[in-house]
Amino acid sequence: MIRQLIILLLLGAFSVTAPTATPSQKGKAKTTVTDKNGNRAPKKNKSTSSNKNANASTSRSEFIVISKRDLNLRVYGKQGNDTVLLAQYPVCLSKNKGNKQRVGDMKTPESPAGKPFKITQIQDASTWKHDFKDGRGSILSYGHWFLRLLTPGHSGIGIHGSTNNENTVPGRDSEGCIRLRDNDIIDLKQRFAYVGMPVIIKGENDGLYPWETRVKSH
């Protein structure tokens, strides 16, 4: 009896073999690592590259040029090696001419050469009100969207609609922002605007840039 038991134990010991990986497991053996808290987790496969930009927005080429002289906002974009004009809207700019210097001077800031402003936020402004101190009180004033701009040295500047003031577009009547007609700000937002979009605001006497004279209409 004892002899048979010994034989069975020996046979069992020699019949044990290492497990083989299935076809789906070959090359994908999972190992674990222990973190600083003593928890074990699957080790990342170094051969698999991580996509850090998986949630990043697609690169865009559209940019805006605003002319104080011509009272318009133009949207340009790249098509191959060409710059094309994608859209144009009339605008209302500041009551006073010249580059903005301080809060309350009623001037629209001008972007330095080679350093365009940028859209930092796209905000729903459909319920925003403002008191223009003209006897109408606090009224809806911004259209549906406010495209907030990064304008170093100044804050609160943006591109927006002209609710209750559409008769001022085109013209010079704002406190420093860029007003579009309400339908135009919706169109601009839906078709072109994005966070990070460059915005060039020209000086009072600046005409078309040389490259603008060669631009093709889309």
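So, here's what we can say about the structure. (Residues numbered from 1 in each chain as written. Predicted model: local features only at pLDDT ≥ 70, side-chain atom pairs only at ≥ 80, totals over all residues. Heavy atoms only, no water.)

### Quick word on the overall build of the chain
Secondary structure summary: the chain contains 2 helices and 15 strands in total. For the chain, with 218 residues in total, the buried portion stands at 36%. Once local pairs closer than 6 in sequence are excluded, the contacts in the chain between residues at least 24 apart make up 54%. Accessible surface, the chain as shown: approximately 14,300 Å² in total, 52% of it carbon and sulfur. (Helix = DSSP H or I, 4+ residues; strand = E, 2+ residues; numbered from the N terminus. Buried < 20%, exposed > 50% of the residue type's maximum accessible area, 1.4 Å probe, protein only. Contact = heavy atoms within 4.5 Å. Areas by Shrake-Rupley, 256 points an atom, 1.4 Å probe, with all protein chains shown as cover.)

### What to know about the nonpolar core
One recurring pattern in soluble globular proteins: nonpolar side chains tend to sit buried together. With 27 residues, the main nonpolar core has Leu 73, Val 75, Ile 159, Ile 178 and Leu 188 as its most contacted residues. Put simply, the parts of the chain that give this core at least two residues each are strand 3 (63–67), strand 4 (72–79), strand 5 (82–90), strand 7 (117–124), strand 10 (145–150), helix 2 (182–191) and strand 14 (198–201). No other element matches the 4 residues that strand 5 contributes to this core. Aside from chain neighbours lying at most four places away, what touches Ile 178 is Ile 66, Val 91, Cys 92, Leu 93, Thr 108, Leu 149, Ile 157, Gly 158, Ile 159, His 160 and Ile 201. Ranked by size, the runner-up nonpolar core spans 6 residues in total, among them Phe 63, Val 65, Leu 85 and Val 215. (Core = buried A, V, L, I, M, F, W, Y, C linked by side-chain atoms within 4.5 Å.)

### Details of the environment of Gly 98
Its place among the elements puts Gly 98 in the loop between strand 6 (92–94) and strand 7. When the C-alpha atoms of Gly 98 and Gly 203 are compared, they prove to be 7.2 Å apart, with 105 residues separating the residues in sequence. The contacts of Gly 98, once residues within four sequence positions are left out, are Lys 68, Lys 107, Thr 108, Glu 110 and Glu 204.

### Overview of the side chain of Asp 105
Within the secondary structure, Asp 105 is located in the loop between strand 6 and strand 7. A polar contact is formed between the side chain of Asp 105 and the backbone nitrogen of Gln 101, at a distance of 2.7 Å. Look past the residues within four positions of Asp 105 in its chain and what remains in contact with it is Asn 96 and Lys 100. (Polar contact = N/O pair within 3.5 Å; in protein donor to acceptor, adjacent residues only side chain to side chain.)

### A word on unusual backbone geometry
Here the residue pair Val 169 and Pro 170 is connected by a cis peptide bond, since its omega of -5 degrees sits within 30 degrees of zero. Inspection of the secondary structure assignment puts Pro 170 in the loop between strand 11 (158–160) and strand 12 (171–174). The phi torsion at Met 106 lies on the positive side, around 55 degrees, for a residue other than glycine. One can find Met 106 in the loop between strand 6 and strand 7.

### Concerning helix 2
Given 3.6 residues to a turn, an α-helix orients residues that are three or four positions apart in the same direction. Taken together, the buried positions of helix 2 are occupied by Asp 182, Asp 184, Ile 185 and Leu 188. All buried residues of helix 2 lie within an arc of 165 degrees about the axis, which places them on one face of the element. Across from the buried face of helix 2, at angles greater than 90 degrees, the exposed residues are Asn 183 and Gln 190. Looking at the buried residues of helix 2, the elements they touch are strand 3, strand 4, strand 5, strand 10 and strand 11. (Arc of directions from axis to C-beta.)

### Some thoughts on the pairing of strand 10
Here 6 bridges tie strand 7 to strand 10, and the two strands are oriented antiparallel to one another. Bridge pairing in strand 10 links Ile 122 to Leu 147. Here strand 10 pairs with strand 11 via 3 bridges, running antiparallel. Across the sheet, the residue bridging to Phe 146 is His 160, located in strand 11. (Pairing = 2+ DSSP bridges.)

### Some details on the side chain of Lys 202
Relative to the helices and strands, Lys 202 is located in the loop between strand 14 and strand 15 (216–217). Exposure remark for Lys 202: the relative accessible area of 2% places this residue in the buried category. Within polar-contact distance, the side chain of Lys 202 engages the backbone oxygen of Gly 207 at 2.8 Å. Setting aside anything within four residues of it in sequence, one finds Lys 202 in contact with Val 65, Ile 66, Ser 67, Lys 68, Glu 110, Gly 207, Leu 208, Tyr 209 and Glu 212.

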